[in-house]
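A structural walkthrough
The residues making up each chain are set out below.
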Amino acid sequence: MTHDEILELAAAYVLGALEGSEEQAVREHLATCDLPHPEFEELGSVVPVLAEALEPVEPSADLRERIMRAAARDLEVRPAPGAPASAAGTATPADAPTAPAYPPAAPVSRDRRRRFWARPAWALTAAAAVALAVLGVWNVRLQGDLAAAQAYRDHVEQVLAIARQQGSAIAILAGDQGQNAGLAAVGADGAAAMVLRGLQPTTGSQVYEAWVIVGNSAPVPVGELSMRDGVAYLTQNVGKIPPGSTIAFTKEPGPGSKAPTLPVVSAGKLAG
Amino acid sequence: MTDPAAASRLRPANPADAADQACLKRIAGGQLDALEELYDRYRSMAYSISLRITADATLAEDVVQDAFLGAWRNAERYAAGRGSVKTWLLSIVHHRAVDAVRRRRPTTELPGHEQVPPLALTLPDVWPEVSAGLDREAVRAALDGLSDVQRHAIELAYFRGLTQQEISERTDTPLGTVKSRMRLGLLAMRRTLVGDGSEVEGYPTGGSRETDR
């Protein structure tokens, strides 16, 4: 989109009235265009006051209780006091070689957590094997590319090796139309492997970045995918991630992105 | 983007925000009572926005819960230079409420993949507010000062979560007209609320490019 076309979208952008792809185009433009965009601030400055026009309405009394309970549960899984919680939003694989500190995790009750960790490893492996069979057959038939199929199988084997461990979780990955399918596993110790097929090749400095989203927290980058024979993969320690967290992948203009560039090309939820 | 003088005209010093920022610091440190304090200060505004957009009491409460837990978990990500804590918090509420209603409308394209919490990926930029001290009457008067079609377009966008395309279809109005109604409406409100002096120098804010056809 041109600078002028982006300006045309300013009012809808600040009001939140764009489709996801348009909104993303505006974001990318604002991040990369050197020209000033005063219209965005000018129009955007009015938007917060719109809410002032509403008569305040009291929510039910038990909403406070629900929120405070969920927040208290959060504390149980937060990093220890003094841990650099703020690093979670800014850590990149480059400047954080150790496992990144995650934002406070989604509320998971003690009981649920115990059940999760106690789930037998064979159940995970069985689930992973089914996923492999389905995805493998689908991919080979679709692509008919033996080298890619072999590379895919090799990396799926790494994923399965982690999935077999006690306390691991797996995610079946796919784009919104079922494309870019793959598999990810995260071990109890944070060791992770993920593999995807069908991603568009990158050009120039572009990379595919993996993100972890814990609960409703902002996505945290965990590493760039390597590409070989049309297969994208990542093997590295990503830190402990609670079940129910989402692993998502985006194509970034270059390495080291701190916030994802939409659209999400593939994603999946970690489950035990 | 804007010159600092214009920015400071837009954002007068605000003692309430200083208190909010202190509160947010304690939230980042994991202090539950600070979250309760923030909740008590903004629960009714948050809920009124959410309820207006979702028109569903249960969903509206879920959205508010989501938004406050989002603030609880991401307090350290708030950037003081980008606007007040109140603006930040209420924009989270607004975005989550819009996402919630769009998820119920299959025709609307959602950002990202369905399994990804959309808000985590589309956390709004936070805009400097016109003024923290505006009261309801002043804002309503500014809204009332708009033409009916401008007000309607802004309401459908901001309070109903419609996209500009959906507004165009629903009101049987060309998309270009919807765009200029929203734009001219916001500019008119700004003029009413802060006066002409705040317009950014060197940028044409009126002109024939987008008149309300």
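Residues numbered from 1 in each chain as written. Chains lettered and ligands numbered in written order. Predicted model: local features only at pLDDT ≥ 70, side-chain atom pairs only at ≥ 80, totals over all residues. Heavy atoms only, no water.

Attention now goes to the environment of M1 of chain A. All names here are of chain A. Looking at the element boundaries, M1 is found in the segment before α1 (3–8). Judged by relative accessible area, which is 57%, M1 ranks as exposed. Separated by 25 residues in sequence, M1 and V26 have C-alpha atoms that sit 8.6 Å apart. When neighbours within four sequence positions are excluded, M1 is seen to be in contact with I6, L9, A25 and H29. (Helix = DSSP H or I, 4+ residues; strand = E, 2+ residues; numbered from the N terminus. Buried < 20%, exposed > 50% of the residue type's maximum accessible area, 1.4 Å probe, protein only. Contact = heavy atoms within 4.5 Å.)

Turning to the sheet that holds strand β9 (residues 264–269) of chain A, a few remarks are in order. Residues and elements named next belong to chain A. Across the sheet, four strands lie side by side as β5-β4-β8-β9; this open sheet has antiparallel pairing. Sheet topology places β5 (220–224) and β9 at the edges, where each strand pairs with a single neighbour. Strand after strand, the sheet turns through a mean of 25° between neighbouring axes, direction not considered. Looking at chain direction, strand β4 (residues 207–213) and β5 are connected through four bridges and run antiparallel. What sits directly across from V212, in β5, is V220. (Pairing = 2+ DSSP bridges. Axes fitted to C-alpha atoms, helices over the stretch in contact; angles between N-to-C directions.)

Along the chain, L262 of chain A connects to P263 of chain A via a cis peptide bond; the corresponding omega equals 5°. Mapped onto the secondary structure, P263 of chain A falls in the loop between β8 (246–252) and β9. The backbone of A55 of chain B shows a phi angle near 55°, a positive value even though the residue is not glycine. Here A55 of chain B shows up in the loop between α3 (32–54) and α4 (57–74). The backbone phi angle of D172 of chain B is positive, close to 55°, even though this residue is not glycine. Of note, D172 of chain B is situated in the loop between α9 (164–170) and α10 (175–194).

What follows concerns the pattern of salt bridges. This model, assessed by the stated rule, comprises 22 salt bridges over all chains. Salt-bridge contacts for R64 of chain A lead to D40 of chain B; the nearest nitrogen and oxygen are separated by 2.2 Å. With R64 of chain A in helix α6 (residues 62–77) and D40 of chain B in helix α3, this pair bridges two chains. In this structure D40 of chain B comes out as partly exposed when scored by relative accessible area, which is 32%. By sharing partners, the salt bridges in this structure join E58 and R64 of chain A together with E36, D40 and R43 of chain B into a single network. (Salt bridge = Lys/Arg side-chain N within 4 Å of Asp/Glu carboxyl O.)

Bringing α10 of chain B into the picture now. Between its first and last C-alpha, α10 of chain B extends 29 Å over 20 residues, near the 28 Å set by a 1.5 Å rise per residue. Within α10 of chain B, 15 of the 20 residues are buried, which leaves the element mostly enclosed by the surrounding structure. (Expected span 1.5 Å × (residues − 1).)

Nothing here speaks to function; it is all geometry.
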